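Read off the chains here:
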Amino acid sequence: PNEEDTQPGNSGNSGRKQLTKKINGVVVDAEDSMASRSDLTAVRNTAMTPLRPKDKEHFSIRMSPYKFAERAYAVVEFYAKCDAVEQIQLLWDLDDYTDQENKEVEEVMGKIGNGKVVLDKRRGTTLHDKFDLKVAPPTYGMLMVEDEIVFACDALKMGFYRWTRHPERLVGYEPRLHKENAFQWEYASYTDAMSANRYSMVRLSSTFIHVDYLKLYINYLPRSMYDAIVDSKKCEGIAMSLFVSSLTGGRPPLLADYWATQSKVVLYSPNGSRSDTRKVTLHACVDTFVTELELRYKHMKIRDAHLFHGIFSFGSKLKEDMEEGDYTIPDMNEKEKNIRKKVSHWNSDNFKDKVGGLKKNLKAFMTKRGLVKDTDPWKKKYGFSKKLSKKKRN
């Protein structure tokens, strides 16, 4: 492209047209776009609220379940038992559940929530509502989660401890990548990122974030992006990941240790996955959002980083990252030290077995409830064994 095409004032409009065409976004005029950029400049000079002692010991969870009450209950019950979790805010869209489920949810949470659950009941939620907190959490650290994937408690703790040392950054578990093509910047999946061994974004549904960023997103995200996400019902995770990068000099998010990112269980989704989004839509979001957030240009261009360093290091490498056989870093609390000591003996030969052992209780917990696909309880609960038997007889 020529120099004129790469100027912020010009490419911003073309980006919005592209977003409108591909995901039915809303075009704003040039004055709105420039006002958004002015707001972002002011926000970049805003420091995060400093962490208090309790913010380095405990975190809160903001959970957005998806149309399957039984699964939401199981995930809440499991996370409520994690000692590092101070509060679980459950965003509950009344339109997604039956009248009976809406009546019983408070009673169920009272029984299984260990006194940690705050219900945020709404109707007709938008994707932005997961960032719009009606109740202030007791901690500045918030783990954003959905209910299709659940992580072992120790795996969450390790991501959290890393976040406490870098609260101005996101710390995630599922890396994503952007690709810079001449015609259009594109979105690259987890598989693509692992193949390229580079990343620049994270999937927000398993990410630690400072609550200040949730407020900044609601108040300062460029209006064109905000409206496009409401209309299309897609791309809020891409928007938040890039938004935080735009406020931190274009740096990518941080990642939890590789072993922690693998300590997860994928749960059954009878209603399909909410992540079933066509790549053409995701490409359009990345291409437009990097322009709106001024991440396309040299002065603050979004950066990618090397991804896989080893089972104890994943993503942007930091001084604190442990080497094999080492598990001590400055200012480490005893809980973190114990976890690091336990995994310091892991290696490529025993990795699979060790991770399997770490998530054994998690998998057993979810399997018992029929939420792990292809297990006997799942087949029995959802009638798959009966269907297979009928097919064999026929």
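Predicted model, so just to flag it, every value in this text is computed and none were measured. (Residues numbered from 1 in each chain as written. Predicted model: local features only at pLDDT ≥ 70, side-chain atom pairs only at ≥ 80, totals over all residues. Heavy atoms only, no water.)

**Section: the confidence of the model for the chain**
For clarity, the cut-off: Here pLDDT means the predictor's own confidence in every residue, given as a number from 0 to 100. We call two residues in contact when some of their heavy atoms are within 4.5 Å.
In the predicted model, the chain carries a mean pLDDT of 86, and the fraction of residues at 70 or more is 84%. Under a pLDDT of 50 for its full length, residues 1-31 has, in the predicted model, 50 contacts with residues more than four places off or in other chains.

**Some points on the state of the cysteines**
For clarity, the threshold we go by: Throughout, a disulfide means two cysteine sulfur atoms within 2.5 Å of one another. Going along the chain from the N terminus, every DSSP run of H or I of four or more residues is numbered as a helix, and every run of E of two or more is numbered as a strand. Only protein chains enter the accessibility calculation, which uses a 1.4 Å probe; a residue whose area is less than 20% of its type maximum is buried, one above 50% is exposed, and one in between is partly exposed.
Counted by the stated rule, this structure contains two disulfides. Residue Cys 82 pairs covalently with Cys 153 via a disulfide, S to S 2.0 Å. Taking the sign of the S-S torsion, about 65° here, the bridge from Cys 82 to Cys 153 comes out right-handed. Within this pair, whereas Cys 82 is found in the loop between helix H3 (69-80) and strand E2 (85-93), its partner Cys 153 is found in helix H5 (residues 153-165), the two being separated by 71 residues in sequence. When its relative accessible area of 3% is taken as the criterion, Cys 82 is described as buried. Look at Cys 153 and you get buried, because its relative accessible area is 17%. Across a sulfur-sulfur distance of 1.9 Å, Cys 235 and Cys 285 are joined as a disulfide pair.

**As for the pairing of strand E8 (residues 185-188)**
Where we set the bar: In short, DSSP must find at least two bridges between two strands for them to pair.
The pairing of strand E7 (residues 175-180) with E8 spans four bridges and is classified as antiparallel. Across the sheet, the residue bridging to Glu 180 is Trp 185, located in E8. Between E7 and E8, which pair antiparallel and follow one another directly, the connecting turn spans four residues.

**Details of the side chain of Thr 261**
As for its position among the elements, Thr 261 is in helix H10 (residues 258-261). When near neighbours in sequence (up to four residues on either side) are disregarded, Thr 261 contacts Phe 151, Tyr 173, Ala 256 and Phe 314.

**Regarding the nonpolar core**
Counted only if it meets this: The set of buried Ala, Val, Leu, Ile, Met, Phe, Trp, Tyr and Cys residues whose side-chain atoms join them within 4.5 Å is what this entry labels a nonpolar core.
Within the largest apolar cluster, 112 residues are counted, with the highest numbers of intra-cluster contacts made by Ile 238, Trp 259 and Met 366. Element by element, the count of residues in this core is highest for H3, at nine residues.

**Re the sheet that holds strand E1 (residues 59-64)**
Reading across the sheet, the seven strands line up as E3-E2-E1-E4-E11-E6-E12 and stay open at both edges, with mixed pairing between neighbours. The open sheet has two free edges, formed respectively by strand E3 (117-122) and strand E12 (254-255), since each of these has just one partner strand.

**Points about helix H8 (residues 223-232)**
For H8, the complete set of buried residues consists of Ser 224, Met 225, Tyr 226, Ala 228, Ile 229 and Ser 232. Remark: Lys 233 follows H8 within two positions and exhibits a positive phi of approximately 60°.

**Points about helix H12 (residues 334-343)**
In plain terms, the rule: For this quantity, the arc is that covered by the directions from the helix axis to the C-beta atoms. For the purposes of these results, a polar contact is taken to be a pair of N or O atoms within 3.5 Å, where, inside protein, one atom must be able to donate a hydrogen and its partner to accept one; residues adjacent in sequence count only when each atom of the pair is a side-chain atom.
Every buried residue belonging to H12 is among Glu 336, Ile 339, Arg 340 and Val 343, and all of these are buried. All buried residues of H12 lie within an arc of 95° about the axis, which places them on one face of the element. Here the buried face of H12 lies against H5 and H10. Where H12 begins, the side chain of Asn 333 points an oxygen toward the backbone nitrogen of Lys 335, at a separation of 3.1 Å.

**Re the sheet that holds E8**
Formally: Axis definition: a line fitted to C-alpha atoms, limited for helices to the stretch in contact. Angles are taken between N-to-C directions and run from 0 to 180 degrees.
With antiparallel pairing, three strands are arranged side by side in an open sheet as E8-E7-E10. The two strands at the open ends of the sheet, each matched to only one other strand, are E8 and strand E10 (201-202). With respect to the sheet, helix H11 (residues 279-292) is in contact with E7, E8 and E10, its orientation differing from that of E8 by roughly 125°.

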